[in-house]
Amino acid sequence: MKQTYLNWSSGKDSALAYYLLKNNPDYNVSKLVTTINTAVSRVSMHGLQEALLDAQAKSMGLPLQKIYLPKDTSMQLYNSKMQEATQKLMSEGFTHAAFGDIFLEDLKKYREEQLEKVGLQTIFPLWEKDTTAIMKEFLSLGFKAFTVCVNAKLLDESFVGREVNEQFLTDLPDTVDPCGENGEFHTFVYDGPIFNHPISFEIGEKVLKGYSPSKEDDDDCFTGDTKSWDTQFWYCDLLPNNIA
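Cut-offs applied
Residues numbered from 1 in each chain as written. Predicted model: local features only at pLDDT ≥ 70, side-chain atom pairs only at ≥ 80, totals over all residues. Heavy atoms only, no water. Helix = DSSP H or I, 4+ residues; strand = E, 2+ residues; numbered from the N terminus. Buried < 20%, exposed > 50% of the residue type's maximum accessible area, 1.4 Å probe, protein only. Contact = heavy atoms within 4.5 Å. Polar contact = N/O pair within 3.5 Å; in protein donor to acceptor, adjacent residues only side chain to side chain. Salt bridge = Lys/Arg side-chain N within 4 Å of Asp/Glu carboxyl O. Phe/Tyr/Trp six-rings, centres within 6.5 Å; stacked < 30°, edge-to-face > 60°. Lys NZ or Arg CZ within 6 Å of the ring centre and 35° of its normal.

Draft legend 1. Summary view of the environment of S14. With respect to the helices and strands, the residue S14 is situated in helix α1 (residues 12-22). Residue class for S14 comes out buried when judged on its relative accessible area of 2%. Considering only alpha carbons, one finds S14 and P125, 111 residues apart in sequence, at a separation of 9.4 Å. Other than its neighbours up to four places away in sequence, S14 contacts L6, N7, W8 and S9. A distance of 3.1 Å separates a polar atom in the side chain of S14 from a polar atom in the side chain of S9.

Written out as structure tokens, the structure reads:
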């Protein structure tokens, strides 16, 4: 069996990717890896509280390795932190890294190139699958998720802090991918076949946050053209409930 760690976002795509690999005898997924924003102690991009991330890992029965990144992370610093983390994982015997990416070719290529440098192979269980079919499979397997972040340019406040179900998919504008693969929305999975018990939480406040690109265009995770990426997102804070 190929010793594998999963890049865990806390959302639906990584949850389904884990489910598929867990049922594949060729792979042994024995660790989750997640990046954390140190300024707020939350999952990067998703804005999920660290305590809920810990609760997911505990319910899955898997160890969790956290990669802590400062609020303003340059591409150079990001690559350095990831290289340090992956070298540690290799020293533990891991040979493969799994991701929940579906069709973002540039991102896939970037991951492959960076991990090849340290000798790790990549796995993409959902790659090029139809996103409508993915969501149908996700729901039919009994997974349950809430939206924790939506792109304010494409979705209004009503789409954040909402259960992901058939009605949610029906209500999505035609321009939005059913899996939010273009960054339209992010989710928190709180129940499903990969968990030993559901994650208990309460719905908190909704906030609109804006972001600005780095002035150092040559060392920026974003592009120099501010029009090429979206700067406002609606977040819904999920509050840990009865977590030991």
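Next comes the rest of the write-up.
Draft legend 2. Fine view of the pattern of salt bridges. The full count for this structure, using the stated rule, is nine salt bridges. For D101, the salt bridge identified is with R111, shortest N-O distance 2.6 Å. Remark: R111 occurs in helix α4 (residues 105-118) and D101 occurs in the loop between β5 (96-98) and α4; sequence separation between them is 10 residues. By the burial criterion, D101 is buried, and R111 matches it. Taken together, the shared-partner salt bridges connect K31, K88 and E92 into one network.

Draft legend 3. Just the packing of aromatic side chains, in detail. All told, the structure shown has 11 aromatic pairs when counted by the stated rule. Between the aromatic rings of Y5 and F94, the centroid separation amounts to 5.9 Å while the plane-to-plane angle is 90 degrees, which identifies the pairing as edge-to-face. Separated by 89 residues along the polypeptide, Y5 in strand β1 (residues 2-7) and F94 in the loop between α3 (75-91) and β5 bring together distant segments of the chain. Take Y5: its relative accessible area is 2%, and that puts it in the buried class. We note K108 situated over the ring of W127; from NZ or CZ to the ring centre the distance is 5.2 Å. In this structure, K209 is placed above the aromatic ring of Y235, and the distance from its NZ or CZ to the ring centre is 5.4 Å.

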